[in-house]
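Here is what each chain is made of, one letter per residue.
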Amino acid sequence: MRRLPPRLLASTPHARLRRGTAPSRVSSSPSPSSSSTVSLSLSLFLSSSEPTVVRPGAPAQRPSPAWRRQMSLLQLRQQLRQRPSVLTALTPLLLGGASSHARLLHPLLSKDGSKASSSTTVITPPPSSIFDPAALPKLPFRFDTGIGLFAKRAPRPFPPPFLSPPSGSFSDPLSTHNRSRDRRAAYVDGQVIQGLTNGDDAVFASEYFICANDGVGAWSARPKGHAGLWSRLILHFWATAIFEDAARQGDSYKPDPVSYLQRAYEQTLEATSAPNDWQGTTTAAGAQLHYRRLSADGGSTSTPSDDAAAAAAAAASGQVEPLLYVTNLGDSQIMVVRPSTREVVFKSTEQWHWFDCPRQLGTNSPDTPATRAVVDEVPIREGDVVLAMSDGVIDNLWSHEIVESVSSSLEKWRAGEVKGHGIRGAADHGEHEGGEDDGSMAYVAGELMEAAKTIALDPFAESPFMEHAIEEGLASEGGKLDDISVVAGLCRKNN
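Here the structure is a predicted model, which means the values were calculated and not measured.

Undergrad: Explain helix α12 (residues 399-414) to me, using residue names and the numbers behind them.
TA: Its 16 residues place the ends of α12 23 Å apart at the C-alpha level, agreeing with the 22 Å of an ideal helix rising 1.5 Å per residue. Residues Ile402, Val403, Ser405, Val406, Ser407, Ser408, Ser409, Leu410 and Trp413 constitute the buried set of α12. Where α12 is buried, its residues contact β11 (333-338), β12 (343-347), β17 (385-389), α11 (391-394) and α13 (440-456). Once α12 finishes, Gly416 follows within two positions and takes phi at roughly 75°, a positive value.

Put into structure tokens, the structure is as follows:
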């Protein structure tokens, strides 16, 4: 029987089940330290949360967890000073998942992992997550993003082992009701699953990549069917592959879109195989923002600069232009709208087996990214709006209606006629240097979602889905009620 590797079942351990709950005593005199003793202190330290300093003059009381963690830290530092060879061996652990703790120990380390002298430059811990923008090369362009979501029914909670363990906080409700599970984060491969779930859809928004996956809802009738899980896992592993490759290549980074989606597909197959055996299929549509340099004769080349600073300077002088890598499999869609001229610059082509049965990734499907994914390289401009949409949008709105909604919403926002609402994407939670990060894309995405929702709920409306059904000889009227997912990204210079 094929089994799931433990690394894909790993999740954040329960607070009460973590190793090293017993406090370590700190000896007043140095005692001989062994590697096992250092490893024990390390496990005590890394399994705890950030140590805090006990305030002087506090009333006497039983040792708090914070105090015990502080004592474990002091003992560990004392042991590491006495055993430089053990310190070198444990350097990868100190610089791994517990980067916040490594900051407290890094004065003991040099760049090669040996004991640092007073004149040695101390190492800087790596970013705590691959999704941290600090882990990526700074590209000359970025997205401001916003999200609009409507679900025709509430999403099902994720099943074990993807559901996180119960919280150890006394402030959390002690309930087994399924809605309490909706408030917990979901994990796979030891990481929080990225993105948002919307019914059976899943969306992701960041400064350099946006995505909308549409899980096939028919799987909800199967006992082990969970299309929402499949769409979210594909999205998570897809974004992970992109960010890991970008961090690995550094300033010479060049995207490889099909390999990213193929890797995500294979990892999702592995994560949902026996003994878990969760079935589902999903479409996939993603847009990755990159750039290309302009040649001396005014043409262009797709070869990126080897220096991120040089690329940023070239962007400021107009020597590079944004380049969009669009990857599509199925009937979700990527569309590029130019609000300044109210036109469609690009839209991906839907892929079907037959009417209302798109190409899809997952259980029993013959489609794979390596054989069926379509990649387009699309030159765009600063100020263009890139949309990642599930078929809940394009089955209810024609292209010209989408363009009108996006352009009108942006004009109203810039004229100050509306106030912010909707879901702001990951790239929209802080002010960027030199940019107007005002949440306009959240408004644009929300308005587009509302326009599609209005048609979807109208039994007498004319819709693209109705036209397609009639062309196939099927009786149909009104909009198509479906999950509606929109991610909008505004292309801007990354000053």
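Undergrad: Quick rundown of the packing of helix α7 (residues 227-249) against helix α8 (residues 257-271)? Include the residues and the values.
TA: In contact at an axis separation of 8 Å, α7 and α8 are set at 135° when each is read in the N-to-C sense. Between α7 and α8, the interaxial angle falls into the category oblique. The interaxial crossing formed by α7 with α8 has right-handed handedness. Residue-level contacts link Trp230, Leu233, Ile234, Phe237, Trp238, Ala241, Ile242, Glu244 and Asp245 of α7 to Pro257, Tyr260, Leu261, Arg263, Ala264, Tyr265, Gln267, Thr268, Leu269 and Ala271 of α8. Its residues assigned to classes, the contact of α7 with α8 shows 14 nonpolar, two polar and three charged.

Undergrad: Can you tell me about the confidence of the model for the protein, naming the residues and giving the values?
TA: Taken as a whole, the protein shows an average pLDDT of 74; of its residues, 60% reach a score of 70 or greater. Across residues 1-56, confidence stays below pLDDT 50; counting only partners more than four residues off in sequence or on other chains, it has 101 contacts. Long-range and interchain partners of residues 427-436, a stretch whose pLDDT sits below 50, account for 29 contacts in this model, where long-range means more than four residues apart.

Undergrad: Any details on the packing of aromatic side chains? Residues and values, ideally.
TA: Evaluated as defined, the whole model comprises six aromatic pairs. On the basis of an interplanar angle of 40° and a centroid distance of 6.0 Å, the ring pair of Phe204 and Phe209 is categorised as tilted. In this structure, Phe204 and Phe209 share a single accessibility class: buried. Taken together, Phe204, Phe209, Trp238 and Phe243 form an aromatic cluster joined through their ring pairs. Seen from the ring of Trp278, Lys224 lies directly overhead, with NZ or CZ sitting 4.0 Å from the centre.

Undergrad: Tell me what's going on with the pairing of strand β5 (residues 201-205), and back it up with residues and numbers.
TA: Note on strand geometry: in a regular strand, side chains alternate between the two faces of the sheet. Judged by how many residues are buried, β5 sits mostly within the fold: five of five residues are covered. With burial as the criterion, each face of β5 is covered, one bearing Asp201, Val203 and Ala205 and the other bearing Ala202 and Phe204. Pairing of strand β4 (residues 196-198) with β5, which is carried by three bridges, proceeds in the antiparallel orientation. Bridged to Leu196 within β5 is Val203. The turn joining β4 and β5, which pair antiparallel and follow one another in sequence, is formed by two residues; a positive phi near 65° is taken by Gly199. Pairing between β5 and strand β6 (residues 209-214): five bridges, direction antiparallel. By the bridge assignment for β6, Val203 is matched with Ala212.

Undergrad: Go over the environment of Ser206, please, and point to the residues and values.
TA: Position of Ser206 relative to the elements: it lies in the loop between β5 and β6. Judged by relative accessible area, which is 7%, Ser206 ranks as buried. A sequence separation of 61 residues divides Ser206 from Thr145, and the C-alpha atoms of the two residues are 7.0 Å apart. Only 2.9 Å separates the side chain of Ser206 from the backbone oxygen of Phe209, close enough to count as a polar contact.

Undergrad: Could you give me a rundown of the pairing of strand β10 (residues 320-329), with the residues and numbers involved?
TA: Across the ten residues of β10, ten count as buried, placing the element largely inside the fold. What you see with β10 is no split at all: Val320, Pro322, Leu324, Val326 and Asn328 on one side and Glu321, Leu323, Tyr325, Thr327 and Leu329 on the other are buried throughout. Here ten bridges tie strand β8 (residues 284-294) to β10, and the two strands are oriented antiparallel to one another. If you follow Arg293 over to β10, its bridge partner there is Val320. Of the strand pairs in this sheet, β10 and strand β16 (residues 374-379) are connected by six bridges, and their pairing is antiparallel. For Leu323, the partnering residue across the bridge sits in β16 and is Pro379.

Undergrad: Provide a residue-level description of the nonpolar core, including the pertinent values.
TA: Ranked by internal contacts, the top residues of the largest apolar core, which has 32 residues, are Phe162, Leu233 and Trp238. For this core, the secondary structure elements donating two or more residues are β5, β6, α7 and α8. At twelve residues, the largest contribution of residues to this core is made by α7. Met335, Leu448, Met449 and Ala456 belong to the second-largest nonpolar core, a separate cluster that totals 26 residues.

Undergrad: Before we move on, can you summarise the pattern of salt bridges with the specific residues and values?
TA: If charged atoms from side chains of opposite charge come close, those side chains can pair. Evaluated as defined, the whole model comprises 15 salt bridges. The shortest N-O distance in the salt bridge between Lys480 and Asp395 comes to 3.2 Å. Separated by 85 residues along the polypeptide, Lys480 in the loop between α14 (464-471) and β19 (484-493) and Asp395 in the loop between α11 and α12 bring together distant segments of the chain. Accessibility assignment for this pair places Lys480 and Asp395 in one class, buried. Close ionic contact of Asp482 with Lys480 constitutes a salt bridge, the shortest N to O distance being 3.7 Å.

Undergrad: A description of α7 should follow, citing residues and the corresponding values.
TA: Taking 1.5 Å of rise per residue, the 23 residues of α7 would be expected to cover 33 Å, and the 33 Å separating its terminal C-alpha atoms lies within 8% of that figure. In terms of burial, α7 is largely enclosed, as 19 of its 23 residues are buried. Of the residues trailing α7, Gly250 is marked for its positive phi of about 70°.

Undergrad: An account of the packing of α12 against α13 is needed here, citing residue identities and associated values.
TA: Taken N-terminus to C-terminus, the directions of α12 and α13 make an angle of 140°; their axes are 9 Å apart at the nearest point. In terms of orientation, α12 lies oblique with respect to α13. The handedness of the crossing between α12 and α13 is right-handed. Side by side, α12 and α13 meet where Ile402, Ser405, Val406, Ser409, Leu410, Lys412 and Trp413 of the first sit next to Ser440, Met441, Tyr443, Val444, Glu447 and Leu448 of the second.

The rules behind these values
- Residues numbered from 1 in each chain as written.
- Predicted model: local features only at pLDDT ≥ 70, side-chain atom pairs only at ≥ 80, totals over all residues.
- Heavy atoms only, no water.
- Helix = DSSP H or I, 4+ residues; strand = E, 2+ residues; numbered from the N terminus.
- Expected span 1.5 Å × (residues − 1).
- Buried < 20%, exposed > 50% of the residue type's maximum accessible area, 1.4 Å probe, protein only.
- Contact = heavy atoms within 4.5 Å.
- Axes fitted to C-alpha atoms, helices over the stretch in contact; angles between N-to-C directions.
- Parallel < 35°, antiparallel > 145°, perpendicular 65-115°, else oblique.
- Left-handed = near helix turned anticlockwise from the far one by under 90°.
- Nonpolar A, V, L, I, M, F, W, Y, C, P; charged D, E, K, R; others polar.
- pLDDT = per-residue confidence, 0-100.
- Phe/Tyr/Trp six-rings, centres within 6.5 Å; stacked < 30°, edge-to-face > 60°.
- Lys NZ or Arg CZ within 6 Å of the ring centre and 35° of its normal.
- Pairing = 2+ DSSP bridges.
- Polar contact = N/O pair within 3.5 Å; in protein donor to acceptor, adjacent residues only side chain to side chain.
- Core = buried A, V, L, I, M, F, W, Y, C linked by side-chain atoms within 4.5 Å.
- Salt bridge = Lys/Arg side-chain N within 4 Å of Asp/Glu carboxyl O.

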